[in-house]
Amino acid sequence: MLDRVASLGKTILDSIAGAGQAMVMLLRALIGKPQLRKSWPLLMQQMYSVGVLSLVIIIVSGLFIGMVLGLQGYTILVDFGAEQSLGPMVALSLLRELGPVVTALLFAGRAGSALTAEIGLMKATEQLSSLEMMAVDPLRRVISPRFWAGFYSMPLLAIIFSAVGIYGGYLVGVRWLGVDEGAFWSVMQSNVEWGQDILNGIIKSLVFAFTVTWIALHKGFHCTPTSVGISRATTSTVVTASLAVLGLDFVLTALMFG
Amino acid sequence: MSSVNSDDLVVIENLDFAHAYGAHPVYQGLQMRIPRGKITAVMGPSGIGKTTLLRLIGGQLRPQSGSIKFAGHDIPKLSRSALYEQRKRMSMLFQSGALFTDMSVYENIAFPIREHSDLPEEIIRTIVLMKLEAVGLRGARDLMPAELSGGMARRAALARAIALDPELIMYDEPFAGQDPISMGVIVKLIKSLNNSLDLTSIVVTHDIAEVLTIADNVVIIADKKVVAQGTPAELQASDDELVQQFLSGAADGPVPFHYRAASFADDILGSAAEQKGTGNAG
Amino acid sequence: MESRNTQLAVGFFVIIGVLALLFLGLRAANTNVASNGQTYQLYAKFDNIGGLKERSPVKVGGVVVGRVTRITLDGDYYEPLVEMTISKDYDEFSNSSSVSILTSGLLGEQYIGLSPGFIDDTVEMLDDGDYIHDTKSALVLEDLIGQFLFSQGND
């Protein structure tokens, strides 16, 4: 019995220590004067591997999710003779929830796991130590550009996701199922608002970007530098980041729309 | 800024160190001097924390107490920025080479120069080619690290380690896993670089035969402290049992063959309860 | 050059993102809302606001001119007081305008219908912070049914 309490205590202490480590890592990576000339190419490189390479999966998933929303929404709404509300239904679900959340989940799986594995491998092959011994701070050189790349990329990806999703809903609703095109867009327009819907979605996405990228970098940077350690850290990134996104989404939704 | 009158580049005094996650101390009251301009070989059984020693000197780990003076600066007490300043004067050759896998050999060696200077591209090119020439890899400059053999990767890493003309190079197991020819090449390189660049070298290794041919000074670490120190000739003449066991490679002796455990008879008969200790992480 | 291609790809990525944002902003959302640009406040007291909520639209002849921004209870008799934020583009409503709480469709959301009053020399224009006195409350279904039954019983 006491052993269980002790192990619970150890788990709690470990997680507090982990959170502290992660906080210190982030602060040290972000504080201090950035050298634009040197960090710009690094940021570009990371924007490419984190953002551009995630584009295809985001566009494809966005299109399919939009099309499914269109189809499902139509079959439900048509029973109430309210199929003209298909536009706002698709747009609001995407802008408020699915865009930011699904993008964050896909991002955690696609880019987050890659970040963790890459940094973990750099640690295991002593590249991080080697940077330190060359008097180059790995936090500035490795962590910081990846963090900013994730932070800038994810909201862009979420916006693209929502736009493509709305187009997918339009394809199914208007082109296939024959909802009136004018009604689709105009009812959508009268129900969707910049501040309340689009901006809040972007804010959500920024929060998720911060969280997912931070978790991925922390897991990589503080992983056990062995093959088992890296694979655990990668799994843990996807699991932790996904749970964090879903939990935060509830809190943010409650704050914004509650 | 360094103490000019001292002959020792690195002076370690009363060093106590234990890993945060292990209860067992790695070093207790370690005393060591690394003479300037010489090659010092640090030897000892596996798992004794030789790599830890290099990381302590490099400031990557902090000891619980004691001082590590590098050219008069007490490394554990330096602020972060001062420590980075001192690290520009030392470099370390990691066991795996630790080349950056996403850059070519040329870019790897140019990397520390680019990071720490604003030299124009032509000068960087000249320096990089000079360093590559010194390790005999000028022809391999456009290869990626994945295309190099183990020995070549280590030589490329060595070229990177001397890119900024450091005062101290620390070699972490430079001979491990090398075929006899590349081992011979690296031995020769350590010696010639040390002489031509006026370096101080610390070589951590178990490969006694190779290192004894080039070392000016040998330190044997065992049981958390230095057990013997001297020139290769002095050590070979030593009558210390442990030194002899280590130099001759006998399986059993003061360093036991068995990992700490309950007596074998107790263990198989099951009467000894869990008494196994946890090992020293090295 | 490798780094040039990278920069190009990232540039396209950002451009696609901005285009998507423009698409969302211009195609999916109504841009002429009172929430951006100059606005002014009008107030109205109702007996019963029914299902009216904050952010419900204020419409003139079906055109959205503003939104409900606050609903409070006011005065000694706790009358519901509705604050409406109206776009400055429509600031020529006369003192004699009236507001009523309407429902869009049978099951739709409730909104405020604003009927502009007549304009002549004797009436003044509504300014920021003015009250609209001519109000019609929401129709509450239960009340209607109650009245219907009551009138049936009287026959």
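Sequence order as written defines residue numbering, which begins from 1 separately in each chain. As they are written, the chains are lettered A onward and the ligands numbered 1 onward, keeping that order. Per-residue local features are limited, in this predicted model, to residues with pLDDT of at least 70; the limit for side-chain atom pairs, both in listing and counting, is 80 or more; totals at the level of whole chains, interfaces and linings are taken over all residues. The side-chain numbers reported here are obtained from all heavy atoms of the structure, hydrogens and water having been left aside.

This brings us to the arrangement of the chains. Contacts between residues were defined by any pair of non-hydrogen atoms, one from each residue, lying within 4.5 Å. The assembly contains 2 pairs of chains in contact; the pair sharing the most contacts is chains A and C. Taking C-alpha atoms as the reference, chain B and chain C come no closer than 12 Å and do not contact one another.

On to the interface of chain C and chain A. Between chain C and chain A, the contact holds 24 residues from the first and 28 residues from the second. Taken over both partners, the interface formed by chain C and chain A buries close to 2400 Å², and the fraction arising from carbon and sulfur atoms is 72%. When two parts are put together, the accessible area they lose, computed with a 1.4 Å probe and summed over both, is reported as buried area. When residues of chain C are sorted by the area they lose upon contact with chain A, F13, L24 and R27 of chain C head the list and together hold 26% of the total. What makes a salt bridge here is a side-chain nitrogen of Lys or Arg within 4 Å of a carboxyl oxygen of Asp or Glu, nothing more. For the interface between chain C and chain A, the tally reads 1 salt bridge. For the salt bridge of E193 of chain A with R67 of chain C, the shortest nitrogen-to-oxygen distance reads 3.1 Å. In the analysis that follows, any N or O atom pair within 3.5 Å is treated as a polar contact, provided that within protein one partner can donate a hydrogen and the other can accept it, and provided that, for residues neighboring in sequence, both atoms belong to side chains. Across the contact surface, chain C and chain A share 2 residue pairs in polar contact (both at pLDDT 80 or more). Working definition: helices are DSSP H or I runs of at least four residues, strands are E runs of at least two. Numbering for both runs from the N terminus. When residues of the side of chain C that touches chain A are assigned to their parent elements, the largest contribution, 17 residues, is made by helix 1 (residues 2-28) of chain C.

Now for the pattern of salt bridges. Here the structure, examined in full by the defined rule, presents 21 salt bridges over all chains. Ionic pairing is found between D137 of chain A and R80 of chain B, a salt bridge with its closest N-O pair at 2.8 Å. Of the two residues, D137 of chain A is situated in the loop between helix 5 (127-133) and helix 6 (138-176) and R80 of chain B in helix 2 (residues 80-87); the pairing between them involves two chains. Only protein chains enter the accessibility calculation, which uses a 1.4 Å probe; a residue whose area is less than 20% of its type maximum is buried, one above 50% is exposed, and one in between is partly exposed. Given the relative accessible area of 13%, D137 of chain A is considered buried. R80 of chain B sits in the partly exposed class, given a relative accessible area of 34%. E83 of chain C is the salt-bridge partner of R70 of chain C, the closest N and O atoms lying 3.3 Å from each other. In this pair, R70 of chain C sits in strand 3 (residues 63-74) while E83 of chain C sits in strand 4 (residues 79-87), placing the two residues 13 residues apart along the sequence.

Our focus in this paragraph is the packing of aromatic side chains. Residue and element names in this part refer to chain A. For Phe, Tyr and Trp, where Trp contributes only its six-membered ring, two rings pair if their centres lie within 6.5 Å, and the inter-plane angle classes them as stacked under 30 degrees, edge-to-face over 60, or tilted in between. If you walk through the whole model with that rule in mind, you get 14 aromatic pairs over all chains. Ring centres of F210 and W214 lie 5.5 Å apart, and the angle between their planes is 65°; this geometry places the pair in the edge-to-face category. One end of the pair is F210 and the other is W214, both in helix 8 (residues 194-221) and 4 residues apart, which spans about a single turn. Classification of W214 by relative accessible area gives buried; the value is 18%. An aromatic cluster is present here, built from F147, W148, F151, Y152, F210 and W214 joined pairwise through their rings.

Time to look at the pairing of strand 3 of chain C. Each regular strand shows side chains that alternate between the opposite faces of the sheet. All names here are of chain C. In this description, strands pair whenever DSSP reports at least two bridges between them. As paired strands, strand 2 (residues 57-60) and strand 3 are joined by 4 bridges and run antiparallel to one another. Its bridge partner lying in strand 3, V60 is registered against V63. Following strand 2, the chain reverses through 2 residues before pairing antiparallel with strand 3; G61 in that reversal takes a positive phi of roughly 55°. Taken together, the 8 bridges between strand 3 and strand 4 define a ladder with antiparallel strand orientation. Each bridged residue has a counterpart across the sheet, and for L73 the counterpart in strand 4 is P80. Turn length for the strand 3-strand 4 hairpin, with the two strands adjacent in sequence and antiparallel, is 4 residues, and the turn residue G75 shows positive phi of about 80°.

For the rest of this paragraph, the subject is helix 6 of chain A. All names here are of chain A. How far a helix is expected to stretch is found by multiplying one less than its residue total by 1.5 Å. If you check helix 6, its first and last C-alpha atoms are 53 Å apart, about what 39 residues at 1.5 Å a residue would give, namely 57 Å. The angle between axes fitted to the seven-residue stretch ending at a residue and the seven-residue stretch beginning at it gives the bend at that residue. A maximum bend of about 30° is found in helix 6 at S144, where proline P145 lies one to four positions downstream. The element helix 6 is extensively covered by neighbouring structure, given that 32 of its 39 residues are classed as buried.

Let's shift gears to the interface of chain B and chain A. Quoted interface sizes are often the accessible area lost when the parts come together. Taken together, the contacts link 27 residues of chain B with 18 residues of chain A. Approximately 1900 Å² of surface area, both sides summed, lies buried where chain B meets chain A, with 51% of it carried by carbon and sulfur atoms. Along the contact surface separating chain B from chain A lie 9 residue pairs in polar contact (both at pLDDT 80 or more). Going through the elements one at a time, helix 2, strand 6 (90-93), helix 3 (105-116) and strand 7 (168-172) of chain B are the ones with two or more residues in the side of chain B that touches chain A. With 5 residues, the top contributor of residues to the side of chain B that touches chain A is helix 3 of chain B. Taken together, the residues that form the side of chain B that touches chain A break down as 11 nonpolar, 7 polar and 9 charged. Lys, Arg, Asp and Glu make up the charged group, whereas Ala, Val, Leu, Ile, Met, Phe, Trp, Tyr, Cys and Pro make up the nonpolar group; the residues left over, Gly among them, are polar.

By volume, the second largest pocket amounts to about 1200 Å³. Looking at the second largest pocket, it is lined by 34 residues, and the ones nearest its centre are P41, L42 and R141 of chain A together with M103 and E107 of chain B. Of all the elements in the fold, those that place two or more residues in the lining of the second largest pocket are helix 2 (36-51), helix 4 (86-124) and helix 6 of chain A, helix 3 and helix 4 (121-135) of chain B together with helix 1 of chain C. A per-element tally of the lining of the second largest pocket places helix 2 of chain A first, with 8 residues. Taken together, the residues of the lining of the second largest pocket break down into 14 nonpolar, 8 polar and 12 charged. Computed over the protein atoms alone on a 1 Å grid, cavities are sets of points where a 1.4 Å probe fits but cannot get out and pockets are open sets with protein on both sides within 12 Å along at least five of seven lines; a residue lines them when it has an atom within 4 Å of a point. Grid points are joined across faces, edges and corners, and a volume is the space filled by probe spheres set on the points.

All names here are of chain C. Taken together, the side chains of L8, F12, V14, I15, V18, L19, L22 and L26 make up a nonpolar region of the molecular surface, amounting to roughly 740 Å² of accessible area. By the element assignment, L8 lies in helix 1. Owing to a relative accessible area of 42%, L8 belongs among the partly exposed residues under this scheme. The patch calculation keeps residues exceeding 30% relative accessible area without a salt bridge and links them within 9 Å when they carry like charges or within 5 Å when they are nonpolar (Val, Leu, Ile, Met, Phe, Trp, Tyr). Note that accessible areas follow from Shrake-Rupley with a 1.4 Å probe, and for residues the cover is restricted to the protein chains shown.

Domain start and end points were adopted from an automatic or database domain assignment. Domain parsing of chain C yields domain 1 (1-30) and domain 2 (39-146). Centre-to-centre, using C-alpha coordinates, domain 1 of chain C lies 42 Å away from domain 2 of chain C.

Let's shift gears to the nonpolar core. It is characteristic of soluble globular proteins that their nonpolar side chains tend to be buried jointly. Core analysis: the largest hydrophobic core is formed by 78 residues, its most contacted members being I143, I166, F184 and M188 of chain A together with F13 of chain C. If you tally residues by element for this core, the top one is helix 6 of chain A, at 17 residues. Apart from the residues lying within four places of it in its own chain, the contact partners of I166 of chain A are V90, A91, L94, W185 and M188 of chain A together with F23, L24 and A28 of chain C. Nonpolar cores are built from buried Ala, Val, Leu, Ile, Met, Phe, Trp, Tyr and Cys residues. Side-chain atoms within 4.5 Å join them into one set. Formed by 50 residues, the second largest nonpolar core is a distinct cluster that contains L93, V135, A157 and F246 of chain B.

A few words now on the environment of L212 of chain B. All names here are of chain B. Inspection of the secondary structure assignment puts L212 in helix 7 (residues 208-214). Assessed through its relative accessible area of 16%, L212 is described here as buried. For the pair L212 and T40, spaced 172 residues apart in the sequence, the C-alpha separation amounts to 9.8 Å. Setting aside residues no more than four positions away along its own chain, L212 makes contact with M43, V218, P232, Q236 and L247.

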